[in-house]
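What follows is the residue order along each chain.
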Amino acid sequence: AAADAAAAAAGEGGAAAAAGGEGAAAAAAAGDDELVPVEVAPELLQELLAMGFGEARCARGLHFSGNSSVEGAVNWLAEHEGDADLDEPLLVPKATVKQHLSAEEARAQAAELLRKAKVKREKEEADVARIRERERIRVGKELQEAKRKEEDGAMRRMVEERKREKAEEARARDALRAKLEQDRRERRRKLGLPEELSEEEKAREADKARKKAEEEAARHYVYVKPVSVIEKLRAQLVSMKKAGGEEPFKTAAGTMLKYIGNVARSPDEDKFRSINMGNAAFQSRVAAVPGSVDFLKLVGFQEADGVLQLPRDQVNMEVLNSAGGEINNALSNPFFGML
């Protein structure tokens, strides 16, 4: 069994030697003429030295036996005991020498590879997050633009519908007036009276028609929100958000919503229609955001002697409601002001 193991080791050594020779020949053929001392496993080299072999023999034995075991190196040396160059230093082409890293160098190299992989992964994640954020903003802008177009379209349709209704009402009134006039003339003819009314009768009829028209107009009156005012209010809020930042804008908008709500609920209360601009809370919560005072002026407040005053006769409930609606939209819509 020992003889078989030795023969196997010798066979492996021969194969390794042939492989080493072929590697050296290939490197030489490639034009790499620089020769360097062969590198072998340090722990195996120390064991062979301790057994009394010379360093050159140890290096040759390990190199040509595959640099894998002390037994293989010893068997190779036994077979090549008569080689003339056995005790000469073994030089091999530099290209064939594999670098042997120490445990500390291997750990450092592994740590560097991990670091590079982490940096690459973080960069890829940042790129993905940036793309997702751009897509989120794009979708938000598209939704907000679609909503704005829908609101504008609804407003135009409402105005056009109201115009058609007014035209139909006018035609109906004209037809009714013509019918009434015809009936009146017929009745007067039957009574033997002149078809034309006297001046006094005309005055009475005109007064009755005027009062009836006023009542009819009041009954069918539909207020159309002033589109220009709404656009100005919305544009002012967008400017405030961009100039003041997210949180200060929310504070200012919420406070202004309270001002406007108080006036809308109790328009006759003077205290709700008057704001002291020197008040510390007003300065820190509202005036600190550029454009907030201008927004209140669009609602109807007037500045005089450090006070914002909304005269009772200039309280417009529709403008107040529109302003409140725009503020609510600005506070509830996360994409408000991104266009």
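Numbering of residues begins from 1 in every chain and follows the order in which that chain's sequence is written. Predicted model: local features are reported for residues with pLDDT of at least 70 only, side-chain atom pairs are reported and counted for 80 or more only, and whole-chain, interface and lining totals are derived from all residues. To obtain the side-chain values, all non-hydrogen atoms of the structure were included, while hydrogens and water were left out.

In this section: helix α8 (residues 246–265). The end-to-end C-alpha distance of α8 is 28 Å, a good match for the 28 Å that 20 residues give at a rise of 1.5 Å each. Partly exposed residues are those whose accessible area sits between 20% and 50% of the maximum for their type, while under 20% is buried and over 50% is exposed, using a 1.4 Å probe and protein chains only. Strands are runs of DSSP state E lasting at least two residues, helices are runs of H or I lasting at least four, and both sets are numbered from the N terminus onward. Where α8 is concerned, the buried positions are F249, A252, A253, T255, M256, Y259, I260, G261 and V263. An expected span of 1.5 Å times one less than the residue number is assigned to each helix.

Turning to the nonpolar core, a few remarks are in order. Ranked by size, the top nonpolar core spans 29 residues in total, and within it L237, M240, M256, F282, F295, L296 and L308 carry the most contacts. If you list the elements that add at least two residues to this core, you get α7 (227–244), α8, α9 (280–287), α10 (292–299) and α11 (317–332). Considering every element that reaches this core, the biggest residue donor is α8, with seven residues. What is meant by a nonpolar core is a set of buried Ala, Val, Leu, Ile, Met, Phe, Trp, Tyr and Cys residues, joined one to another through side-chain atoms within 4.5 Å. Counting nine residues, the second largest nonpolar core, distinct from the first, contains A41, L45, V70 and A73.

What follows is about the confidence of the model for the chain. Low-pLDDT portions of the prediction should not be read for the details of their coordinates. Scored between 0 and 100, pLDDT is the confidence that the predictor attaches to each residue. Predicted confidence across the chain gives a mean pLDDT of 84, with 84% of residues reaching 70 or more. Across the chain, strand β3 (residues 274–276) holds the top mean pLDDT of 95, while helix α1 (residues 2–29) sits lowest at 44. Two residues qualify as a contact provided that any one of their heavy atoms is within 4.5 Å of a heavy atom in the partner residue. In this model, residues 220–224 is a region of pLDDT below 50 whose contacts with residues beyond four sequence positions or in other chains number seven contacts.

Any carboxyl oxygen of Asp or Glu within 4 Å of a side-chain nitrogen of Lys or Arg constitutes a salt bridge here. Summed over the entire model, instances satisfying the criterion amount to 31 salt bridges. R157 serves as the salt-bridge partner of E150, at 3.3 Å between the closest nitrogen and oxygen. Residue E150 is classed as partly exposed on the basis of its relative accessible area, which comes to 49%. Relative accessible area serves as the criterion here: at 46%, R157 is assigned to the partly exposed category. Close ionic contact of R162 with E165 constitutes a salt bridge, the shortest N to O distance being 3.3 Å. With R162 and E165 both in helix α5 (residues 103–190), this residue pair falls three residues apart, about one helical turn.

By definition, the strands of a sheet pair up through backbone hydrogen bonds, in either a parallel or an antiparallel sense. Paired strands, as defined in this entry, are two strands with at least two bridges between them according to DSSP. Pairing is antiparallel across the open sheet formed by three strands, whose spatial order is β3-β5-β4. One side of each edge strand has no neighbouring strand; the edge strands of this open sheet are β3 and β4 (302–304). Taken over all neighbouring pairs, the strand axes of this sheet differ in orientation by 25 degrees on average, direction set aside. Here three bridges tie β3 to strand β5 (residues 307–309), and the two strands are oriented antiparallel to one another. Only C-alpha atoms enter the line fits that serve as axes; for helices the fit covers just the stretch in contact. Angles between N-to-C directions range over 0 to 180 degrees.

Turning to helix α4 (residues 70–79), a few remarks are in order. Among all positions in α4, only V70, G72, A73, N75, W76 and L77 are buried. Capping the start of α4, S69 holds a side-chain oxygen 3.2 Å from the backbone nitrogen of G72, two or three residues further along. A 3.5 Å cut-off defines polar contacts: any pair of N or O atoms within that distance qualifies, except that in protein one atom must be a possible hydrogen donor and the other a possible acceptor, and neighbouring residues in sequence count only when both atoms are side-chain atoms.

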